[in-house]
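Letter by letter, the chains look like this.
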Amino acid sequence: MAVTDHRRLGVAAGAALLTIAVAGCSDLGRNAVGTVSYATERERVVTVSNPLVEGCHRFGPAGAVEVVNNTLVDMILYPNDDCSGDTTTYLATTLTDNIPPDTEPWGSYTLVH
C-alpha cells in the first residue's frame, strides 16, 4: 500500500470518527451553551447558565422587562408563565429584547432546537 493510500484511509477514518462524535455529543448535551440574563421591573438581574434546551422556562413571578440571549441557540419569549399567549417574540442568539413602556413583562421562554 502506498503512503498516499494510508493518508486517504486516515483522512476517511478521521472524518467518520468526527461525524460519530458530533452526532453523539448532540444527544448528550440537552443544555444550551451560554447564559440567559434578564432584568425584572425592579431592575433585579438574574442569570441562568446553560439552560435546558427542552421545556418551558419561567422568568419568575416578576417576569422580565429585558432579556439577553447569550446562548448558542435562539429563544421564543412568551407573555405568560406557561409558554403560551398570542404575542411572542423570537430572540436570536447574542441579541437583547426590551419591552416597551406600559407593557406586561415576559413570563417565560423556550429554546429553539
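Look up a bit, the structure's there.
Anyway, here's the lowdown on the structure attached to this text.

The rules behind the values
Residues numbered from 1 in each chain as written. Predicted model: local features only at pLDDT ≥ 70, side-chain atom pairs only at ≥ 80, totals over all residues. Heavy atoms only, no water. Pairing = 2+ DSSP bridges. Helix = DSSP H or I, 4+ residues; strand = E, 2+ residues; numbered from the N terminus. Axes fitted to C-alpha atoms, helices over the stretch in contact; angles between N-to-C directions. Phe/Tyr/Trp six-rings, centres within 6.5 Å; stacked < 30°, edge-to-face > 60°. Buried < 20%, exposed > 50% of the residue type's maximum accessible area, 1.4 Å probe, protein only.

### Overview of the sheet that holds strand 7 (residues 96-98)
Then step 1. Pairing is antiparallel across the open sheet formed by 4 strands, whose spatial order is 2-1-4-7. Strand pairing shows two members of the sheet lacking a second neighbour, strand 2 (45-49) and strand 7, which therefore form its edges. Strand-to-strand twist of the sheet, defined as the mean angle between neighbouring strand axes without regard to direction, takes the value 10°.
Then step 2. As paired strands, strand 1 (residues 34-39) and strand 4 (residues 66-71) are joined by 6 bridges and run antiparallel to one another. Bridging from a neighbouring strand, V36 pairs with N69 of strand 4.

### Here's the deal with the packing of aromatic side chains
Then step 1. With the rule as written, the count across this model stands at 2 aromatic pairs.
Then step 2. Between Y38 and F59, the ring centres sit 4.8 Å apart and the planes meet at 65°, which makes this aromatic pair edge-to-face. A residue pair is termed long-range when its members are at least 10 positions apart, and Y38 in strand 1 and F59 in the loop between strand 3 (57-58) and strand 4 qualify at 21 residues. Each member of the pair, Y38 as well as F59, carries the same accessibility label: buried.
Then step 3. Their ring planes at 35° and their centres at 5.0 Å tell us that F59 and Y109 sit as a pair that is tilted. With F59 in the loop between strand 3 and strand 4 and Y109 in strand 8 (residues 108-111), this residue pair connects regions lying 50 residues apart in the sequence. The same class applies to F59 as to Y109, namely buried.
Then step 4. By way of ring pairs, the aromatic residues Y38, F59 and Y109 are connected into one cluster.

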